[in-house]
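Structural features, examined
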Amino acid sequence: MQIDEYLDSNFSNLKLRPPLFYNWKFGIRFELRDPNEEDTKIYMERVYFRAITLFQELHSTNDEIIIVANVHHAGEENIFRRRKVKIFQHYIKAKDVLRKLQHQVIPYIFEDVYDINDFETHRYALNCKVSDVKYIHLIRAICNQDMGIKPKIIHDVFFVNLSKNTIFHIYDDRGCDVLASSKESIRFLYERYNDWILDYDKEAIDMVFQ
């Protein structure tokens, strides 16, 4: 299934861009970091643990997913088009899966936010199963994006679960958003990991689930 078709059917009018939590009615924003931890190693181990735990709770091995990466650059710069597989190649187990990688150029996804019209977004979407992905390595690379740690992925990456109708997005080491087409499908996360919910948004999240 194409990503646009899926979103239209299950997340109507949702733009696949951060901050997802503030743009959909059923979602949870989790805090990954400990803002008081000064030791980088200990800090990142907690970030990795929480991100991977939430992903594993939300995804089963045989779930059908679409991994979406948004890459933003000036319209005349086409270097990312030639390098598109490098976003995924270290994290997908089989080359035949990579052949399914789709690419489309869309207007800059933040154009209405920043009033920038000389950029465009290259969107890469890969249909696969969770079992096709080295997701632990991928998640760690996403979490590393602002920490000066390699490997790192600096682009926005979204895990769209076609089997569960959820979207999982780690925005950086600070936290991640979990969205669902139905709040009941993620209620177990709200209850099981309630103490991981970001304090800033907890009141609003409680109102949805209570």
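Structure shown above.
One structure accompanies this document, and this report is about it.

About the criteria used
Residues numbered from 1 in each chain as written. Predicted model: local features only at pLDDT ≥ 70, side-chain atom pairs only at ≥ 80, totals over all residues. Heavy atoms only, no water. Salt bridge = Lys/Arg side-chain N within 4 Å of Asp/Glu carboxyl O. Helix = DSSP H or I, 4+ residues; strand = E, 2+ residues; numbered from the N terminus. Buried < 20%, exposed > 50% of the residue type's maximum accessible area, 1.4 Å probe, protein only. Pairing = 2+ DSSP bridges. Axes fitted to C-alpha atoms, helices over the stretch in contact; angles between N-to-C directions. Phe/Tyr/Trp six-rings, centres within 6.5 Å; stacked < 30°, edge-to-face > 60°. Lys NZ or Arg CZ within 6 Å of the ring centre and 35° of its normal.

1. As for the pattern of salt bridges
Taken as a whole and assessed by the stated rule, the structure comprises 9 salt bridges. The closest approach of N and O atoms between Asp112 and Lys15, which form a salt bridge, is 3.6 Å. Of this pair, Asp112 sits in helix 5 (residues 111–114) while Lys15 is found in the loop between helix 1 (3–10) and strand 1 (27–31), placing the two residues 97 residues apart along the sequence. Relative accessible area serves as the criterion here: at 52%, Asp112 is assigned to the exposed category. Via salt bridges that share partners, Lys15, Arg17 and Asp112 belong to a single interconnected network.

2. Observations concerning unusual backbone geometry
Of the consecutive residues Pro18 and Pro19, the connecting peptide bond is found in the cis state with omega at 0 degrees. Here Pro19 shows up in the loop between helix 1 and strand 1. With an omega dihedral of 0 degrees, the bond running from Lys150 to Pro151 counts as a cis peptide bond. When you line up the elements, Pro151 lands in the loop between helix 6 (135–143) and strand 5 (156–161). Although it is not a glycine, Asn13 adopts a positive phi angle of roughly 70 degrees. With respect to the secondary-structure elements, Asn13 resides in the loop between helix 1 and strand 1.

3. Here's the deal with the sheet that holds strand 6 (residues 166–172)
Spatially, the 7 strands line up as an open sheet ordered 1-7-6-5-2-4-3, and their pairing is antiparallel. Since the sheet does not close on itself, it has two edges, and those belong to strand 1 and strand 3 (102–107), each with one partner. Across the sheet, the mean angle separating the axes of adjacent strands is 20 degrees when strand polarity is ignored. Here 6 bridges tie strand 2 (residues 64–74) to strand 5, and the two strands are oriented antiparallel to one another. Bridge pairing in strand 5 links Val68 to Phe158.

4. Remarks on the packing of aromatic side chains
For the structure shown, the criterion picks out 13 aromatic pairs. Linked through ring pairs, Phe55, Tyr135, Phe159 and Phe168 together constitute an aromatic cluster. The cationic tip of Lys25 hangs over the ring face of Trp24; the distance from NZ or CZ to the ring centre is 5.6 Å. Lying across the ring of Tyr48, Arg140 places its NZ or CZ 3.9 Å from the centre.

5. Structural notes on the pairing of strand 1
The buried fraction of strand 1 is high, at 5 of 5 residues. A two-sided burial pattern is seen for strand 1, the buried positions comprising Gly27, Arg29 and Glu31 on one face and Ile28 and Phe30 on the other. Sheet analysis places strand 1 next to strand 7 (residues 175–180), joined by 5 bridges and oriented antiparallel. Bridge assignment links Ile28 to a residue of strand 7, and that residue is Val178.

The quantities given are spatial measurements derived from coordinates; they are silent on function.
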